[in-house]
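Read off the chains here:
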Amino acid sequence: MNELSDLYQEMILDHNRSPLNYGTLSDPDHVSHGDNPLCGDKVALFLKMDGVVIEDIRFQGVGCAISTASASLMTESVKGKPREEALRTMEKFHSMVTEEGGGDFEELGKLAAFSGVRDYPVRVKCATLVWHTFRAAIDGGANTVSTE
């Protein structure tokens with residue numbers, strides 16, 4: 001199990017160093033901001049929809065390795081998916097990082113790298129900030145989400 005843990009750590013560090021989908025969109029349909037005052041993570045999320053499908057998604061911000069890697073992998077996991085499928089992925093991710101035995105690791109693919117976050121409650125907020133910000137953006141609700 002230690003090798004798997006090391007692999008997950010390396011994946012998180014890689015996505016922190018070279019995040020995917022980092023930047024802004026020139027004409028987003030939805031924008032939302034997230035703030036984790038405890039850790040200092042701040043994220044802005046930009047969505048472009050084609051009907052109910054997430055055509056493009058980008059993020060910008062500053063944060064710890066877990067927050068940045070979560071944003072990178074989240075954007076990759078929902079891009080090109082219908083809204084409802086992306087929201088189901090969000091629910092599965094949230095279950096994985098908050099509930100003992102939660103989440104279907106195989107179904108979550110690379111997102112399973114965050115399974116160990118559950119053991120560090122303060123870090124759960126780092127991993128889930130971008131997901132809550134995504135939910136706010138796609139629902140057209142609050143412009144700013146806070147973990148506090």
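These figures come from a predicted structure and were not determined experimentally.

Trainee: Please explain the overall build of the protein chain as it appears in this structure.
Mentor: Across its full length, the protein chain holds 5 helices and 4 strands. Counting from the amino terminus, helix and strand elements in the protein chain follow one another as α-β-β-β-α-α-α-α-β. Against the compact-globule benchmark of 15 Å for 148 residues, the protein chain has a radius of gyration of 14 Å, which places it among compact chains. Once the C-alpha set of the protein chain is aligned to its principal axes, its extents read approximately 45 × 30 × 25 Å. Evaluated residue by residue, the protein chain yields a buried proportion of 43% over its 148 residues. In the protein chain, 58% of the contacts between residues at least 6 apart in sequence involve partners at least 24 apart. Carbon and sulfur atoms form 50% of the exposed surface of the protein chain, whose accessible area is close to 7,500 Å². Placing the 14 positive and 23 negative side-chain charges of the protein chain at their respective mean positions leaves the two points 3 Å apart.

Trainee: Can you walk me through the nonpolar core in this structure?
Mentor: Nonpolar side chains in soluble globular proteins tend to end up buried together. One finds I54, F114 and F134 to be the most contacted residues of the largest nonpolar core, which totals 36 residues. Ranked by residues supplied to this core, first place goes to helix α5 (residues 121–139) with 9 residues. Ignoring any residue separated from it by four or fewer positions in sequence, one finds F114 in contact with I12, I66, A69, S70, L73, F93, M96, V97 and A127.

Trainee: It is not clear to me how the pairing of strand β3 (residues 53–62) should be interpreted in this structure. Could you clarify?
Mentor: Every other side chain in a regular strand lies on the same face of the sheet, so the side chains alternate between the two faces. Strand direction decides the pairing type here: strand β2 (residues 41–50) and β3, joined by 9 bridges, are antiparallel. Bridging across to β3, D50 finds its partner in V53. In this antiparallel pair of consecutive strands, β2 and β3, the connection spans 2 residues, and G51 shows a positive phi of 70°.

Trainee: Is there a simple way to think about the packing of aromatic side chains in this case?
Mentor: Centre-to-centre distance and the angle between the planes together describe a pair of aromatic rings. According to the stated counting rule, one finds 3 aromatic pairs in the structure shown. Ring centres of Y22 and F59 lie 5.2 Å apart, and the angle between their planes is 90°; this geometry places the pair in the edge-to-face category. Taken together, the positions of Y22 in the loop between α1 (2–17) and β1 (30–36) and F59 in strand β3 put the pair 37 residues apart, joining distant regions of the chain. Measuring from centroid to centroid gives 5.7 Å for F93 and F114, while their planes differ by 70°, and the two rings are edge-to-face. Within this pair, whereas F93 is found in helix α3 (residues 83–98), its partner F114 is found in the loop between α4 (105–108) and α5, the two being separated by 21 residues in sequence. The same class applies to F93 as to F114, namely buried. Among the aromatic side chains, those forming a connected cluster through ring pairs are F93, F114 and W131.

Trainee: Would you take a moment to explain the sheet that holds β1 for this structure?
Mentor: Read across the sheet, 4 strands follow the order β3-β2-β1-β4 without closing on themselves; strand pairing throughout is mixed. The open sheet has two free edges, formed respectively by β3 and β4 (144–146), since each of these has just one partner strand. Between one strand axis and the next, the sheet turns by 20° as a mean value, whatever way the strands run. Relative to β4, β1 is paired through 3 bridges, and the arrangement is parallel.

Trainee: Help me understand the pattern of salt bridges, please; the structure alone is not making it clear to me.
Mentor: Pairing of side chains with opposite charge becomes possible as their charged atoms draw close. In this structure the tally under the stated criterion is 12 salt bridges. Among the salt bridges present, the one from D27 reaches K48, with a minimum N-O distance of 3.6 Å. With D27 in the loop between α1 and β1 and K48 in strand β2, the pair connects residues that are 21 residues apart, well separated along the chain. By relative accessible area, which is 44% here, D27 ends up partly exposed. Judged by its relative accessible area of 21%, K48 is partly exposed. In the salt-bridge network here, residues are joined through shared partners; they are R83, E84, R135 and D139.

Criteria and thresholds
- Residues numbered from 1 in each chain as written.
- Predicted model: local features only at pLDDT ≥ 70, side-chain atom pairs only at ≥ 80, totals over all residues.
- Heavy atoms only, no water.
- Helix = DSSP H or I, 4+ residues; strand = E, 2+ residues; numbered from the N terminus.
- Rg over C-alpha atoms; globule rule 2.2 N^0.38 Å.
- Buried < 20%, exposed > 50% of the residue type's maximum accessible area, 1.4 Å probe, protein only.
- Contact = heavy atoms within 4.5 Å.
- Areas by Shrake-Rupley, 256 points an atom, 1.4 Å probe, with all protein chains shown as cover.
- Lys, Arg positive; Asp, Glu negative; His and termini not counted.
- Charge placed at Lys NZ, Arg CZ, Asp CG, Glu CD.
- Core = buried A, V, L, I, M, F, W, Y, C linked by side-chain atoms within 4.5 Å.
- Pairing = 2+ DSSP bridges.
- Phe/Tyr/Trp six-rings, centres within 6.5 Å; stacked < 30°, edge-to-face > 60°.
- Axes fitted to C-alpha atoms, helices over the stretch in contact; angles between N-to-C directions.
- Salt bridge = Lys/Arg side-chain N within 4 Å of Asp/Glu carboxyl O.

In short, shape yes, function no, at least from these values alone.
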